[in-house]
Amino acid sequence: MVYFDNAATTPLPKAVADAMYEVLTAHFGNPSSQYPIGVEMKKAVEGWRAVIAGALGCPAERLYFTSCGTESDNWAIQAALWQNRHRGRHIITTAVEHSAVLEPCKLLAQQGYEVTYLKPGQDGNVTAEQVADALREDTALVSVMLVNNETGCVFPAADIAALLRKKGSPALLHCDAVQGFLKVPCDPEGWGVDLMSLSGHKVGGPKGVGALYIGPRVRNPRPLLPGGGQERGARSGTEATAQIAGFAKAVELRLADYDAKLAHMAGLKAYCREKLLAMGGVVPVGEGTAPHILAVSLVGYPSANIVTDLGAQGICISAGSACHQGKASHVVSALGLDKKTAAGVIRISFSPDNTREDVDVLCQALLAHRDSRFPML
Ligand code: PLP
């Protein structure tokens, strides 16, 4: 198999599976239990929290474990709106967020919140100036992702945080960093981002675990799951110890030779981009600078057919976010592309394990696909 869909999910290294197996079998204690196997697990969870917090450059006590990136996004939104409930009901976000942000915003709109959706330019980027223009006295939350999952565009979280400070706005800033963590600089404390979402399975960890950074401006975060008081009372539910252990192990693995891994992915992306554009009739989509996501269009060749055809040959790419499953992508729509370009958008996403030979196989298969089909009229 040639796997180029690492923005959808990543393969799990054996060392991660081993770390999880060890916890599932030998160290199955509940961290809330008072006897040694519980106490040991509590200590272990705090150790794993410290590993992930270290990678994010924040104190461990500011990082809360969740069940996925989607939960982190939902919790962040609710916590921010709760804190600012007496200030206003206006939300600023972008038209190209993941559905884990857009869907909660849709529901909130039905409950009387007003949502401003910032549209990216043709390059796929959103600017802090757009946020400045949309900011109001009653803005309670600004939610802007760090890296767009379909285009790889890196949004200016630091500039937006600085802008909110400069304006003295009480609006809290949430940043969905599910695609950005361990791919681009990610510094919620240094930037002044209030809430930042992470997910384990995008960085070589297991599915079913995420984390939320909650900064000092968020006072007494409203629990998404009230209950037995785990995660300092902010997110109840017995800790998913094996998942958390796997997440931390994956982070440790990614951090080893980190710069070389990023350079490797960026090099593959550049190589792949160059090869594809040289085919003719292939255009870049957005100016994404994240090292692991490349979006291009095989103009006039429907992406669903490309994905199925390549899939049958054991080559995995995506027609956009895996969460959209065949529906027209809202990200592609927001870019304002013409019909034929929009139809042909594919996403190729890299991991440190991909090779140039993999890229050659992919490009050959895309060429063969095009040679065997008629373009749409
Ligand atoms: N946010 C972004 C930008 C994503 O790409 C994804 C997953 O694709 C999510 C959130 C959701 O993360 P999870 O699959 O852990 O719920």
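1. Quick notes on the site of the ligand
What surrounds the ligand is a group of 13 residues, the closest being Gly-69, Thr-70, Asp-176, Ser-199 and Lys-202. Within the side chain of Lys-202, one N or O atom sits 2.6 Å away from an oxygen atom of the ligand. Considering the ligand on its own, with 390 Å² of exposed area, one finds that the protein chains cover 91% of that surface. It is helix H3 (residues 69–83) that contributes the most residues to the shell around the ligand, three residues altogether. In the shell around the ligand, the residues fall into three nonpolar, seven polar and three charged.

2. Focus on unusual backbone geometry
The phi dihedral of Glu-231 falls on the positive side, at around 50°, and the residue is not glycine. Tracing the chain through its elements places Glu-231 in the loop between strand E8 (210–214) and helix H8 (241–255).

3. Looking at the packing of H3 against helix H4 (residues 99–110)
Two quantities define a packed helix pair, namely the angle between the axes and the distance from one axis to the other. It is the contact of H3 with H4, at a shortest axis distance of 8 Å, that shows an interaxial angle of 40°. As summarised for this structure, H3 and H4 are arranged oblique, according to the angle between their axes. In this structure, the crossing between H3 and H4 has a hand that is right-handed. Of H4, the residues touching H3 (which contributes Thr-70, Asp-73, Asn-74, Ile-77 and Leu-81) are Ala-100, Val-101, Pro-104 and Leu-108. Split into classes, the residues belonging to the contact of H3 with H4 amount to six nonpolar, two polar and one charged.

4. What about the sheet that holds strand E7 (residues 195–199)?
Across the sheet, seven strands lie side by side as E2-E8-E7-E6-E5-E3-E4; this open sheet has mixed pairing. Only two strands of the sheet have a single partner each, and these edge strands are strand E2 (63–66) and strand E4 (114–118). For this sheet, the mean angle separating the axes of adjacent strands, direction not counted, is 20°. Inspection of the sheet shows strand E6 (residues 172–176) paired to E7 by three bridges, in the parallel sense. Residue pairing across strands places His-174 opposite Leu-195, the latter belonging to E7.

5. Some words on the nonpolar core
If you look at the biggest cluster of nonpolar residues, it comprises 61 residues, and the most contacted ones within it are Ile-52, Leu-56, Val-142, Phe-181, Met-196, Leu-198 and Phe-247. Top contributing element to this core by residue count: H8, with seven residues. There are two domains that each give this core at least three residues, and those are domain 1 (2–10 + 257–372) and domain 2 (14–255). Counting residues in hydrophobic clusters, the runner-up holds 26 residues, among them Leu-262, Val-296, Ile-306 and Ile-317.

6. Points about the pairing of strand E5 (residues 139–143)
Among the five residues that make up E5, five are buried, leaving the element largely enclosed by the rest of the structure. Both strand E3 (residues 90–94) and E5 contribute to a ladder of four bridges, which runs parallel. The residue of E5 that forms the bridge with Thr-93 is Ser-143. Summarising the sheet, E5 and E6 pair through three bridges and their orientation is parallel.

7. Here we look at the packing of helix H2 (residues 36–56) against H8
At a minimum axis separation of 9 Å, H2 and H8 run at an interaxial angle of 35°. Considering how the two elements wind past one another, H2 and H8 form a crossing that is left-handed. Of H8, the residues touching H2 (which contributes Met-41, Val-45, Trp-48, Val-51, Ile-52 and Ala-55) are Thr-241, Ile-244, Ala-245, Phe-247, Ala-248, Val-251, Glu-252 and Leu-255. When the residues that make up the contact of H2 with H8 are grouped by side-chain class, the tally is twelve nonpolar, one polar and one charged.

8. Things to note about the sheet that holds strand E10 (residues 293–298)
The three strands lie next to each other as E9-E10-E12, forming an open sheet whose pairing is antiparallel. Edge positions in the open sheet fall to strand E9 (282–284) and strand E12 (345–349), since each of these has one partner strand only. Neighbour-to-neighbour, the strand axes of this sheet turn through a mean angle of 35°, independent of strand direction. Note that E9 and E10 share three bridges and pair antiparallel. Its bridge partner being in E10, Pro-284 is matched across the sheet by Val-296.

9. Notes on the environment of Val-45
With respect to the helices and strands, Val-45 occurs in helix H2. Assessed through its relative accessible area of 2%, Val-45 is described here as buried. As for Val-45 and Ala-245, which are separated by 200 residues in sequence, their C-alpha atoms are 7.4 Å apart. When neighbours within four sequence positions are excluded, Val-45 is seen to be in contact with Pro-31, Phe-65 and Thr-241.

10. Comments concerning the domain arrangement of the protein chain
Here the protein chain is partitioned into domain 1 (2–10 + 257–372) and domain 2 (14–255). A C-alpha centroid distance of 27 Å is found between domain 1 and domain 2. Domain 1 puts 34 residues into the contact, and the matching count from domain 2 is 34 residues. Approximately 2600 Å² of surface area, both sides summed, lies buried where domain 1 meets domain 2, with 51% of it carried by carbon and sulfur atoms. When the area that domain 1 buries against domain 2 is broken down by residue, the three leading residues are Thr-10, Tyr-258 and Leu-335, summing to 21%. Where domain 1 touches domain 2, the interface holds 18 residue pairs in polar contact (both at pLDDT 80 or more). Of all the secondary structure elements, the ones that give two or more residues to the side of domain 1 that touches domain 2 are helix H9 (258–278), E10 and helix H11 (330–334).

What counts and what doesn't
- Residues numbered from 1 in each chain as written.
- Predicted model: local features only at pLDDT ≥ 70, side-chain atom pairs only at ≥ 80, totals over all residues.
- Heavy atoms only, no water.
- Near = heavy atom within 4 Å.
- Polar contact = N/O pair within 3.5 Å; in protein donor to acceptor, adjacent residues only side chain to side chain.
- Areas by Shrake-Rupley, 256 points an atom, 1.4 Å probe, with all protein chains shown as cover.
- Helix = DSSP H or I, 4+ residues; strand = E, 2+ residues; numbered from the N terminus.
- Nonpolar A, V, L, I, M, F, W, Y, C, P; charged D, E, K, R; others polar.
- Axes fitted to C-alpha atoms, helices over the stretch in contact; angles between N-to-C directions.
- Parallel < 35°, antiparallel > 145°, perpendicular 65-115°, else oblique.
- Left-handed = near helix turned anticlockwise from the far one by under 90°.
- Contact = heavy atoms within 4.5 Å.
- Pairing = 2+ DSSP bridges.
- Core = buried A, V, L, I, M, F, W, Y, C linked by side-chain atoms within 4.5 Å.
- Buried < 20%, exposed > 50% of the residue type's maximum accessible area, 1.4 Å probe, protein only.
- Domains from an automatic or database assignment.
- Buried area = accessible area lost by both parts, 1.4 Å probe.

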